[in-house]
Amino acid sequence: MEFITDAKEVFEQAYGKPATRLFTAAGRINVIGEYVDYCGGKVLPAALNLACKIFARANGERVIRILLKGIDGIIELDLEKLESYKTLKYANYQAGVAYLLQKKGVELVGCDLYYDCGVPFGSGLSSSAAIEVATAVALCELAGVDYDKVELAVLAQKAENEYVGVNCGIMDQFASAMGKKEHAVLLDCATLAYEYVPLELGEYRIVVANCNKPHNLKESKYNVRRQEVETALKLIREVKPVNCLAELTSKEFNEVKYLLSGVVAKRAEHVVMECERVRLAVQALKEGDIVELGRLLNESHYSLRDLYEVTGKELDALSSFARKEPECLGSRMIGAGFGGCTISIVKKSAVDGFIRRVGKAYFDAIGYRASFYETSIEDGITVSEL
Ligand code: GLA
């Protein structure tokens, strides 16, 4: 594979010795179950062929060196000072993971790393989770310690929550670590119980499109949304003993809705209804009812637009142009929104025309281009010797 030869050359030029190992962790799409992970809901993500690749070599020193494709200069993390890189540009996610591994008792070894992240940044395809999980795998492997992939996902999420300061849920890290070729992962975010569901769409396929408005969870309203649903849960718990919003059926929610008002009511309603849609979507997928799956994707988008208010004109335009296509069964934003990607279910034979027409309509409406990716569903983590 050409990217390996190129990356190996970059590595050797930067560090003077060849890389010995390659670790990858995937970006993800989410079929459905948006903004429910931190409310104890079920989500249905799948790992992508777009992945963060780390070329690595132990260096025998007490320092982790980081070189990122497209960024000048090598960043150094001193293994004795891992707590001090919380705001370090380009390497705080990696430092957070290293810091938590060390705190857990892993004897980290110094290493030279070259990151070639194939998950576009700010795209809603979880470049951060891919970087965190790949880093965790690389550091454990180089240290020669056994690791459990689910535990690594949880540690990566903790790094993002506590070290970087983004209160994300577990979905992205879990998908990145546990994704399986040609399957979606039905993950119960309250218990971390999971099941693989074959992503069989018959004559249809999923088209991933980036609206190219970048987003950044730290600077977006992501943490605010989380506070809003936590407020909703607190109010509901005054009358009903539930552990999380996802436990409420829509009927139960309607009985307690009077306790909530304004945006807090809207946010909670999205969560409850999205959890129902996940149940229906899994059923539809298992029954091969792709038309129903497409309908649920559309409903999910409308709810994220009107109730959770995390879409924006770019994602609304992109998904609405997609929906106008006769061979498209449904389309919605994925991930945190505010920018980033949509997924659309499109008849395989119509994909080229779909990309052309939706791409043009989007450009005419927004003034810059959307990107469409060639994607497939793959395993989350890979480890290889070079
Ligand atoms: C981001 C977060 C996830 C999840 C989604 C919204 O991708 O990292 O934990 O909350 O947004 O579903």
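Just above, that's the structure.
Before going into details, it helps to say that this report is about the structure given with it.

Reading the values: the criteria
- All chains use their own residue numbering, which begins from 1 and follows the written sequence.
- Residues qualify for local features only when their pLDDT is at least 70, as the model is predicted, and side-chain atom pairs are given and counted only at 80 or more; totals for whole chains, interfaces and linings, by contrast, use all residues.
- Hydrogen atoms and water are omitted, and side-chain values are computed over all heavy atoms in the structure.
- Think of it this way: any DSSP run of H or I at least four residues long counts as a helix, any run of E at least two long counts as a strand, and we number them from the N terminus.
- Here's how the labels work: a residue is buried when its accessible area is under 20% of the maximum for its type, exposed when over 50%, partly exposed in between, all with a 1.4 Å probe on protein chains only.
- Residue contacts follow a heavy-atom distance rule, with two residues in contact if any of their heavy atoms lie within 4.5 Å.
- Put simply, two rings from Phe, Tyr or Trp (the six-membered ring, in Trp's case) pair if the centres are within 6.5 Å, and we call them stacked under 30 degrees between planes, edge-to-face over 60, tilted for the rest.
- Should DSSP find at least two bridges between two strands, the strands are regarded as paired.
- Orientation is described by axes fitted as lines to C-alpha atoms, over the contacting stretch for helices, and by angles from 0 to 180 degrees between their N-to-C directions.
- What is meant by a nonpolar core is a set of buried Ala, Val, Leu, Ile, Met, Phe, Trp, Tyr and Cys residues, joined one to another through side-chain atoms within 4.5 Å.
- Expected helix span is taken as 1.5 Å per residue step, with the number of steps being one fewer than the number of residues.
- Near residues are defined by distance, with any heavy atom within 4 Å of the molecule or strand qualifying the residue.
- We call two N or O atoms a polar contact when they sit within 3.5 Å, provided that within protein one can donate a hydrogen and the other can accept it, with sequence-adjacent residues counted only if both atoms are side-chain atoms.
- Under the convention used here, a 1.4 Å probe and the Shrake-Rupley method define accessible areas, while residue burial counts only the protein chains that appear.
- Under the scheme applied, nonpolar residues are Ala, Val, Leu, Ile, Met, Phe, Trp, Tyr, Cys and Pro; charged residues are Asp, Glu, Lys and Arg; polar residues are all the others, including Gly.
- When the near helix sits turned anticlockwise from the far one by under a right angle, the crossing is termed left-handed; a clockwise turn instead gives a right-handed crossing.
- What makes a salt bridge here is a side-chain nitrogen of Lys or Arg within 4 Å of a carboxyl oxygen of Asp or Glu, nothing more.

1. Brief notes about the overall build of the chain
A tally of helices and strands in the chain yields eleven helices and 13 strands. Across its three principal directions, the C-alpha atoms of the chain cover 60 × 55 × 40 Å. Split into buried and exposed, the 386 residues of the chain put 57% on the buried side. In the chain, the proportion of contacts linking residues at least 24 apart, taken out of those at least 6 apart, comes to 71%.

2. Some points on the packing of aromatic side chains
Using the criterion set out here, one finds ten aromatic pairs in the structure. Between F11 and Y15 the ring centres are 4.8 Å apart and the planes differ by 55°, which places this aromatic pair in the tilted class. Of the two residues, F11 and Y15 both sit in helix α1 (residues 2–15), four residues apart, roughly one turn of that helix. Judged by relative accessible area, which is 14%, Y15 ranks as buried. Taking 6.3 Å as the distance between ring centres and 75° as the angle between the ring planes, the aromatic pair formed by Y362 and Y368 counts as edge-to-face. Given a relative accessible area of 0%, Y362 falls into the buried group.

3. A look at the sheet that holds strand β10 (residues 328–333)
Pairing between the strands of a sheet comes from backbone hydrogen bonds, and it takes one of two forms, parallel or antiparallel. On the basis of which strands lie adjacent, the open sheet formed by four strands has the order β10-β11-β9-β12 and antiparallel pairing. At either margin of the open sheet sits one strand with a lone partner, and together these are β10 and β12 (371–373). Averaged over all pairs of adjacent strands, the angle between strand axes in this sheet comes to 25°, irrespective of strand direction.

4. Quick word on the nonpolar core
I29, L125 and L245 are the most contacted members of the largest nonpolar core, which has 133 residues in total. With near-sequence residues (within four places) excluded, I29 lies in contact with P45, A46, L48, L125, I206, V208, I334, I343 and I377. If you look at the next biggest cluster of nonpolar residues, it comprises nine residues, including I4, Y15, A19 and Y114.

5. Examining helix α11 (residues 351–366)
Compared with the 22 Å implied by 1.5 Å per residue over 16 residues, the 22 Å span of α11 between its first and last C-alpha is a close match. Taken residue by residue, α11 has V351, G353, F354, V358, G359, Y362 and I366 as its buried positions. Its buried side turned inward, α11 meets β9 (204–210), α10 (313–324), β10, β11 (341–347) and β12.

6. A look at the site of the ligand
Neighbouring residues of the ligand: R28, E34, Y35, D37, C168, G169, M171, D172, L217, Y222, G335 and A336. Within the backbone of A336, an N or O atom sits 3.5 Å from an oxygen atom of the ligand. Protein chains shield 98% of the accessible area of the ligand, which is 300 Å² for the free molecule. Of the residues assigned to the shell around the ligand, the class counts are six nonpolar, two polar and four charged.

7. A few points about the packing of helix α2 (residues 92–103) against helix α4 (residues 149–164)
Running from amino to carboxyl end, α2 crosses α4 at an angle of 115°, the nearest separation of the two axes being 8 Å. Handedness of the crossing formed by α2 with α4: right-handed. On the side of α2, the interface is formed by N92, Y93, A95, G96, V97, Y99, L100 and L101, while α4 contributes L152, L155, A156, K158, A159, E160, Y163 and V164. Of the residues assigned to the contact of α2 with α4, the class counts are twelve nonpolar, two polar and two charged.

8. Regarding unusual backbone geometry
Phi is positive for E182, close to 60°, though the residue is something other than glycine. As for its placement among the helices and strands, E182 is situated in the loop between α5 (171–178) and β7 (183–188). Even without a glycine there, the phi angle at F338 is positive, about 65°. With respect to the helices and strands, F338 occurs in the loop between β10 and β11. On the basis of relative accessibility, which here comes to 16%, the residue F338 falls in the buried class.

9. Quick word on the pattern of salt bridges
Tallied over the entire structure, the rule returns 28 salt bridges. Through salt bridges with shared partners, one network takes in R225, E228, K266, R267 and E309.

10. Some remarks on the environment of A159
When you line up the elements, A159 lands in helix α4. On the basis of relative accessibility, which here comes to 1%, the residue A159 falls in the buried class. The spacing of A159 and V97 is 62 residues in sequence and 5.5 Å in space, taken between C-alpha atoms. What A159 contacts, discounting residues up to four positions off in sequence, is G96, V97, L100 and V164.

11. A few points about the pairing of strand β1 (residues 21–30)
Of all the ten residues making up β1, ten are buried; the element is thus mostly covered by neighbouring parts of the structure. As defined by bridge partners, β1 adjoins strand β3 (residues 45–58) across nine bridges and the pair is classed as antiparallel. From the neighbouring strand, T24 faces β3, where its bridge partner is K53.

12. A closer look at the environment of S128
Along the chain, S128 falls in helix α3 (residues 127–143). Residues S128 and F3, spaced 125 residues apart in sequence, show a C-alpha to C-alpha distance of 21 Å. Residues contacting S128, with those up to four places away along its chain left out, are Y93 and E160.

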